Amino acid sequence: MNTILIQDFKTSVGELTLGVFEDQLCLCDWKYRKMRTAVDERIKKGLNAGFEVGSHPLIEATKTQIQEYLDGARKEFDIPLKMVGSDFQQGVWNALIQIPFGETRSYLHLSQDLGNPDAIRAVASANVANAISILIPCHRIIGSDGSLVGYAGGLDAKKKLLKLENAKAMQPKGQTSLF
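Predicted, not measured: the structure shown is a model, and the values here were computed from it. (Residues numbered from 1 in each chain as written. Predicted model: local features only at pLDDT ≥ 70, side-chain atom pairs only at ≥ 80, totals over all residues. Heavy atoms only, no water.)

1. Some words on the sheet that holds strand β1 (residues 2-11)
Rules: Pairing between strands is defined by DSSP: at least two bridges between them are needed. Each helix is a run of H or I in the DSSP string that is no shorter than four residues. Each strand is a run of E no shorter than two, and both are numbered from the N terminus. Between N-to-C directions, angles cover 0 to 180 degrees, with each direction set by a line fitted to C-alpha atoms, over the stretch in contact for helices. What makes two residues a contact is simply this: any of their non-hydrogen atoms within 4.5 Å.
The mixed open sheet is built from 4 strands, whose spatial order is β3-β2-β1-β4. Each edge of the sheet is formed by a strand with only one pairing partner; in this case those strands are β3 (24-30) and β4 (49-53). Across the sheet, the mean angle from the axis of one strand to that of its neighbour is 30°, orientation sign disregarded. Pairing analysis gives 6 bridges linking strand β2 (residues 14-21) to β3, with the strands arranged antiparallel. Considered in β3, the bridge of leucine 16 is made with tryptophan 30. Where helix α2 (residues 57-70) meets the sheet, its contacts fall on β1, β2 and β3, and the angle it forms with β1 comes to roughly 30°.

2. Overview of the domain arrangement of the protein
Size of an interface: often given as the accessible area lost when the parts come together. Defined as follows: The domain boundaries here were taken from an automatic or database domain assignment. Summed over both partners, the accessible area lost on bringing two parts together, with a 1.4 Å probe, is the buried area. Counted as a polar contact is a pair of N or O atoms within 3.5 Å, where, for protein atoms, one must be capable of donating a hydrogen and the other of accepting one, and residues adjacent in sequence contribute only when both atoms are in side chains.
Looking at the assigned domains, one finds that the protein contains domain 1 (2-71) and domain 2 (87-165). Look at where the C-alpha atoms of domain 1 and domain 2 centre, and you get two points 19 Å apart. Taken together, the 18 residues of domain 1 in the interface contact 19 residues of domain 2. When domain 1 packs against domain 2, the two sides together hide about 1500 Å² of surface, and 66% of this comes from carbon and sulfur. Connecting domain 1 to domain 2 are 9 residue pairs in polar contact (both at pLDDT 80 or more). Broken down by secondary-structure element, the contributors of at least two residues to the side of domain 1 that touches domain 2 are β3, α1 (36-47) and α2.

Structure, rendered in structure tokens:
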């Protein structure tokens, strides 16, 4: 069986579990999220691999880049990612990566960006299934009315990340401040 090296990482916004498979980050997720077991099982099954606590240069690079981001010194990540999910989920996650630092989108905006405005619930489900938080910025998704909506790391972590980015809400008439 293949191995996914994992390691926990405490940050100022919460504790993450990082995982590397074949020199790609496949896991950067909130350690205590409600769907922890389901996400872990999907990744292990999708990669035909098991978890093993260990170290890897990419885990260290990920820690460094996340810390730089949290310190306000980084706006983009250059960590190689291994997204484990359906083609649709991967399409949603790739669309999330395209949302610039400091901007937000609603599920409706995201489904429109994907060319399927009727897929709002499917887009929301894919967003929830994201196992590479922060680097795939699902925290940049807000309600159509500009409100903060659910987040695997909790709304407090989401609010901190959006404040860090000085995020603006995308509204029909342009961007407005969230805070």
